[in-house]
Amino acid sequence: MISFKRTHSPKSIISFISTTSTCILNKKVSHFSSVVAAQKQITASSASSLTTGFDLQRSLCFLCCNCNRKSVADPQLLIGSLRRMESTFNELGDKASVLDFDPKSADVGGGVEDIYGEDTATEDQLVTPWTYSVASGYSLLRDPQYNKGLAFTEKERDTHYLRGLLPPATCSQQLQEKKLMNNIRQYQVPLQKYMALTELQERNERLFYKLLIDNVEELLPIVYTPTVGEACQKFGSIFRRPQGLYISLKEKGKVLEVLKNWPERTVQVIVVTDGERILGLGDLGCQGMGIPVGKLALYTALGGVRPSACLPITIDVGTNNKQLLEDEFYIGLRQKRTTGKEYADLLDEFMSAVKQNYGEKVLIQFEDFANHNAFQLLEKYRRTHLVFNDDIQGTAAVVLAGVVAALRLVGGSLSEHKFLFLGAGEAGTGIAELIALEISKKTKTPVEETRKKIWLVDSKGLIVSSRKDSLQQFKKPWAHEHEPIDNLLDAVKAIKPTVLIGSSGVGRTFTKEVIEAVSSFNEKPLILALSNPTSQSECTAEEAYTWSKGRAIFASGSPFDPVEYNGKVYVPGQSNNAYIFPGFGLGLVISGAIRVHDDMLLAASESLAGEVTEEYFEKGLIYPPFSNIRKISAHIAANVAAKAYELGLATRLPRPENLVKYAESCMYSPVYRNYR
Ligand SMILES: NC(=O)C1=CN([C@@H]2O[C@H](COP(=O)(O)OP(=O)(O)OC[C@H]3O[C@@H](n4cnc5c(N)ncnc54)[C@H](OP(=O)(O)O)[C@@H]3O)[C@@H](O)[C@H]2O)C=CC1
Ligand SMILES: CC(=O)C(=O)O
Ligand SMILES: [Mg+2]
């Protein structure tokens, strides 16, 4: 048996960690609890030495005798590491007591025999799924967090046992990026591009993020809407390796244990879905996992949150999607959705377990829950957890920003405009409420009054007071006095909105008649078709420009190409919460915020609106391009953090003086690190 004793001093461990990169364990280590105390002691005594970016807990686990890790798959590799570790310590002046290790006493041999009996085991014999414990050599190439492929330098190839495992050529990250973009551009089918990018993410994480950051406008439609929608629909067929954590009804009573199976301990942002309202595609059950994975990729690429600090989660409570239940490749529980107490209990267990495992400051972003759960979950947990509903709150902030920016083009103040929504769910009522709040704050008018400028249409028609008793709770504030109207066109004619917003999840509902009607009483109608993916957009960019005779100011949830109309090129903007949530989350993380407050949403929105400069207005754009998004996210983060400090909700003290600089300094960079 190989065992280690942690008899050396904290100083020597720190020195070791910063000088022996081969001792970084791979992600499969699960014996963390025994090293937490040691970590605390070491962190306290030598915090300033911890600048290497290595994972201290993982490295310590390697050294900890309590772990009782019986073996590793390649003893020779381990012995090599230990020898170098010994000499490192000796060089540093720490003597022989550093390591109590005798390779001769190891009960594992080397060679090519089936020493673990895995190959010869019969079906009813149990085998142990051994894993490499040292990211070096072959395991380093297989570790997406550290793999650099051909970009490993000659020296790194020597130091990390990579000789012969790679072809002789070396190349830069830039060249790798060029090659990959060439490859990706050759795929004609967006889903193939999605799969190629997923494969890259699992192979070489830094290269994946470098590609995404440097080519954000080209790749966003692949890793995000619209392609991610198709990926979720076909998730079972294209599923290769799990990318997040699946918590199903089977794990009831064991959710904390499931969370502990996740290899990373320092999680800052969780995006969680139960898959019931995936974009405008409905209930995709467990296959909704593509959404948390995609959103968190944007957290890293657009907002600079470290990938290891991001955790995608799908809660599988069944699905009511008959087609999926009958699909042989479906990856989720094959049962109808559970509701009521069983659902609430599982969610409650999840929320408690997250807090217990990751503490008070982990951000839980609810994503694509159906509205009958989404509002209740937000209401239930917003006072006890750091929770944020992207569809309700993130969308609200992004749309408010777009509308405020558009005022520069259409004129008037926010309170002088009249809003009509098609769709009165999470997005619709969330946006409506934030607009009403902003007007209320700006004009010092009660929000009950400012709501009267905003009208919503749902599947049954205009929301009016005579329907109040039968309305869901979140619709009731919008039940104004008016005679019933059962369709959008008549509602447009009666209300005469200056701003028309689609959040119904139903495509092609802004018909020619609707757009002509709204254009008949507005010089420049503001039309936002928010529903995703592209197939569900209330209208296309071309329809908006053509039917309004080039007068509409248009943005959509999923991207559309520029449109030429009457010899002029119109560039549609993308009104998507992706502008907000990465920077918003970063702001919460860097300030150590413990709760989300509506004023933080207003702060984020104001920051985004402020990024729209004259050059974009001239093109009719009401959002800045995504190519500037990291700078935009840093500003949003700074504004959100400033608000958190102002409200007394920030715990990271003292407050950094320059929050923009601080936010930028916290952002993850995907440029390769050099290994010792
Ligand atoms: N661009 C962005 O950033 C975002 C876009 N979205 C998109 O918005 C859409 C809606 O999302 P969300 O609000 O969460 O969904 P919800 O299910 O909460 O709300 C949908 C609303 O649309 C109404 N509706 C459905 N069909 C019709 C119809 N034929 N005519 C009129 N109203 C209809 C529903 O009416 P009823 O209540 O009567 O059933 C409901 O009020 C989705 O496509 C989603 O992708 C969402 C978040 C962000
Ligand atoms: C963008 C988004 O969050 C949605 O469509 O649900
Ligand atoms: Mg969403």
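Residues numbered from 1 in each chain as written. Chains lettered and ligands numbered in written order. Predicted model: local features only at pLDDT ≥ 70, side-chain atom pairs only at ≥ 80, totals over all residues. Heavy atoms only, no water.

## Digging into the confidence of the model for the protein chain
(1) Moving on: Scored by pLDDT, the protein chain comes out at a mean of 86, with 81% of its residues at no less than 70.
(2) Moving on: Considering only residues more than four positions removed or in separate chains, one finds that residues 1-75, a stretch of pLDDT under 50, has 158 contacts.
(3) Moving on: Here residues 94-111 is a poorly scored stretch, pLDDT under 50, and it has 31 contacts once near neighbours within four places are set aside; other chains count.
(4) Moving on: The ipTM value of the predicted complex is 0.99, and its pTM value is 0.84. (pLDDT = per-residue confidence, 0-100. Contact = heavy atoms within 4.5 Å.)

## Side note on the UniProt feature "binding site: a divalent metal cation" (unreviewed entry) in the protein chain
(1) Moving on: The residues that UniProt annotates with the feature "binding site: a divalent metal cation" (unreviewed entry) are Glu367, Asp368 and Asp391. These annotated residues cover 25 residues of sequence, and their C-alpha atoms lie no more than 6.8 Å from one another, placing them together at a single site.
(2) Moving on: A relative accessible area of 1% places Glu367 in the buried class.
(3) Moving on: Contacts of Glu367, omitting those with residues within four sequence positions, involve Val271, Val272, Thr273, Ile291, Lys295, Asp390 and Asp391.
(4) Moving on: Take Asp368: it is sitting in the loop between strand 4 (363-366) and helix 17 (371-381).
(5) Moving on: Those residues in contact with Asp368 that sit more than four places away from it in its chain are Thr273, Asp274, Gly275, Glu276, Arg277, Ile278, Leu279, Ile291 and Asp391. (UniProt positions renumbered as here; feature names shortened; annotations may be inferred. Buried < 20%, exposed > 50% of the residue type's maximum accessible area, 1.4 Å probe, protein only. Helix = DSSP H or I, 4+ residues; strand = E, 2+ residues; numbered from the N terminus.)

## Focus on the domain arrangement of the protein chain
(1) Moving on: The domains assigned to the protein chain are domain 1 (224-385) and domain 2 (392-655).
(2) Moving on: Placing the centre of domain 1 and that of domain 2 at their C-alpha centroids yields a distance of 26 Å.
(3) Moving on: Of the residues lining the interface, 33 residues belong to domain 1; the matching set on domain 2 comes to 34 residues.
(4) Moving on: Between domain 1 and domain 2, a total of about 2,500 Å² is buried, with carbon and sulfur atoms accounting for 62% of that surface.
(5) Moving on: At the junction of domain 1 and domain 2, the tally comes to 1 salt bridge.
(6) Moving on: Close ionic contact of Arg595 with Glu360 constitutes a salt bridge, the shortest N to O distance being 3.0 Å.
(7) Moving on: Secondary-structure elements contributing two or more residues to the side of domain 1 that touches domain 2 are helix 14 (290-301), strand 4 and helix 17.
(8) Moving on: Considering every element that reaches the side of domain 1 that touches domain 2, the biggest residue donor is helix 14, with 5 residues.
(9) Moving on: Split by residue class, the side of domain 1 that touches domain 2 holds 16 nonpolar, 10 polar and 7 charged. (Domains from an automatic or database assignment. Buried area = accessible area lost by both parts, 1.4 Å probe. Salt bridge = Lys/Arg side-chain N within 4 Å of Asp/Glu carboxyl O. Nonpolar A, V, L, I, M, F, W, Y, C, P; charged D, E, K, R; others polar.)

## Comments concerning the packing of aromatic side chains
(1) Moving on: Per the counting criterion, the structure on display carries 15 aromatic pairs.
(2) Moving on: Summarising the aromatic geometry, the rings of Phe208 and Tyr209 are spaced 4.8 Å apart at their centres and angled 80° between planes, so their arrangement reads as edge-to-face.
(3) Moving on: The buried category is assigned to Tyr209, whose relative accessible area is 3%.
(4) Moving on: Consider the rings of Tyr209 and Tyr668, whose centres lie 6.0 Å apart with planes at 85°: the pair is edge-to-face. Placement of the pair is Tyr209 in helix 9 (residues 205-214) and Tyr668 in the segment after helix 28 (659-666), with a sequence separation of 459 residues.
(5) Moving on: Among the residues examined, Tyr668 registers a relative accessible area of 8% and is labelled buried.
(6) Moving on: Members of the aromatic cluster, connected to one another through ring pairs, are Tyr545, Phe554, Phe560, Tyr565 and Tyr570.
(7) Moving on: Across the ring face of Trp478, the terminal group of Arg451 is positioned such that the distance to the ring centre comes to 5.7 Å. (Phe/Tyr/Trp six-rings, centres within 6.5 Å; stacked < 30°, edge-to-face > 60°. Lys NZ or Arg CZ within 6 Å of the ring centre and 35° of its normal.)

## Some points on the coordination of the magnesium ion (ligand 3)
(1) Moving on: Every protein donor of the magnesium ion (ligand 3) is listed here as Glu367 (OE), Asp368 (OD) and Asp391 (OD), and their distances to the metal cover 2.1 Å.
(2) Moving on: Each donor residue of the magnesium ion (ligand 3) belongs to the same chain, and together they define the spacing E-D-x22-D. Linking Glu367 in the loop between strand 4 and helix 17 with Asp391 in helix 18 (residues 390-410), this pair joins segments that are 24 residues apart in sequence.
(3) Moving on: Assessed through its relative accessible area of 6%, Asp391 is described here as buried. (Donors = N, O, S within 2.8 Å, 3.2 Å for Na, K, Ca; no water.)

## Side note on the UniProt feature "binding site: (S)-malate" (unreviewed entry) in the protein chain
(1) Moving on: UniProt tags Arg277, Asn532 and Asn576 as "binding site: (S)-malate" (unreviewed entry).
(2) Moving on: In this fold, Arg277 is placed in the loop between strand 2 (269-273) and helix 14.
(3) Moving on: Leaving out residues up to four positions away in the same chain, Arg277 has contacts with Gly282, Asp368, Phe369, Ala370, Asp391 and Glu426.
(4) Moving on: Locating Asn532 in the fold gives a position in the loop between strand 10 (526-529) and helix 23 (541-547).
(5) Moving on: In contact with Asn532, other than residues within four places in its own chain, are Thr225, Leu279, Gly280, Gly557, Ser558 and Asn576.

## Overview of the site of ligand 2
(1) Moving on: The local shell around ligand 2 consists of Tyr224, Arg277, Leu279, Lys295, Glu367, Asp368, Asp390, Asp391, Asn532, Asn576 and Asn577.
(2) Moving on: In isolation ligand 2 offers 220 Å² of accessible surface; the protein chains occlude 91% of this area.
(3) Moving on: Among the residues making up the shell around ligand 2, the classes are represented as 2 nonpolar, 3 polar and 6 charged.
(4) Moving on: A domain-level breakdown of the shell around ligand 2 finds at least three residues from each of domain 1 (224-385) and domain 2 (392-655). (Near = heavy atom within 4 Å. Areas by Shrake-Rupley, 256 points an atom, 1.4 Å probe, with all protein chains shown as cover.)

## Looking at the site of ligand 1
(1) Moving on: The immediate surroundings of ligand 1 are formed by 26 residues, with Arg277, Asn371, Ala424, Ser459 and Lys475 found nearest.
(2) Moving on: Take Gly280: an N or O atom from its main chain is 3.5 Å from an oxygen atom of ligand 1.
(3) Moving on: In this structure, Lys475 approaches ligand 1 through a side-chain N or O atom, which is 2.6 Å from an oxygen atom.
(4) Moving on: Listed by contribution, the elements that provide at least two residues to the shell around ligand 1 are helix 18 and helix 19 (426-443).
(5) Moving on: The residue inventory of the shell around ligand 1, partitioned by class, reads 6 nonpolar, 15 polar and 5 charged.
(6) Moving on: If you count residues domain by domain, the shell around ligand 1 takes at least three from each of domain 1 (224-385) and domain 2 (392-655). (Polar contact = N/O pair within 3.5 Å; in protein donor to acceptor, adjacent residues only side chain to side chain.)

## Concerning the sheet that holds strand 10
Within a sheet, each strand pairs with its neighbour through backbone hydrogen bonds, oriented either parallel or antiparallel.
(1) Moving on: Reading across from one edge, 8-7-6-9-10-11-14 is the order of the 7 strands in this open sheet, with mixed pairing throughout. Unpaired on one side and paired on the other, strand 8 (461-462) and strand 14 (573-574) mark the two borders of the sheet.
(2) Moving on: Where strand 9 (residues 499-502) lies against strand 10, 4 bridges are found, and the strand directions are parallel. Within the sheet, the bridge partner assigned to Val499 lies in strand 10 and is Leu526.
(3) Moving on: Across the sheet, helix 19 is in contact with strand 6 (419-422), strand 7 (454-458) and strand 9; its angle to strand 7 comes to roughly 175°.
(4) Moving on: Contacts from helix 21 (residues 488-495) reach strand 6, strand 7, strand 8 and strand 9, with the element oriented near 175° to strand 6. (Pairing = 2+ DSSP bridges. Axes fitted to C-alpha atoms, helices over the stretch in contact; angles between N-to-C directions.)

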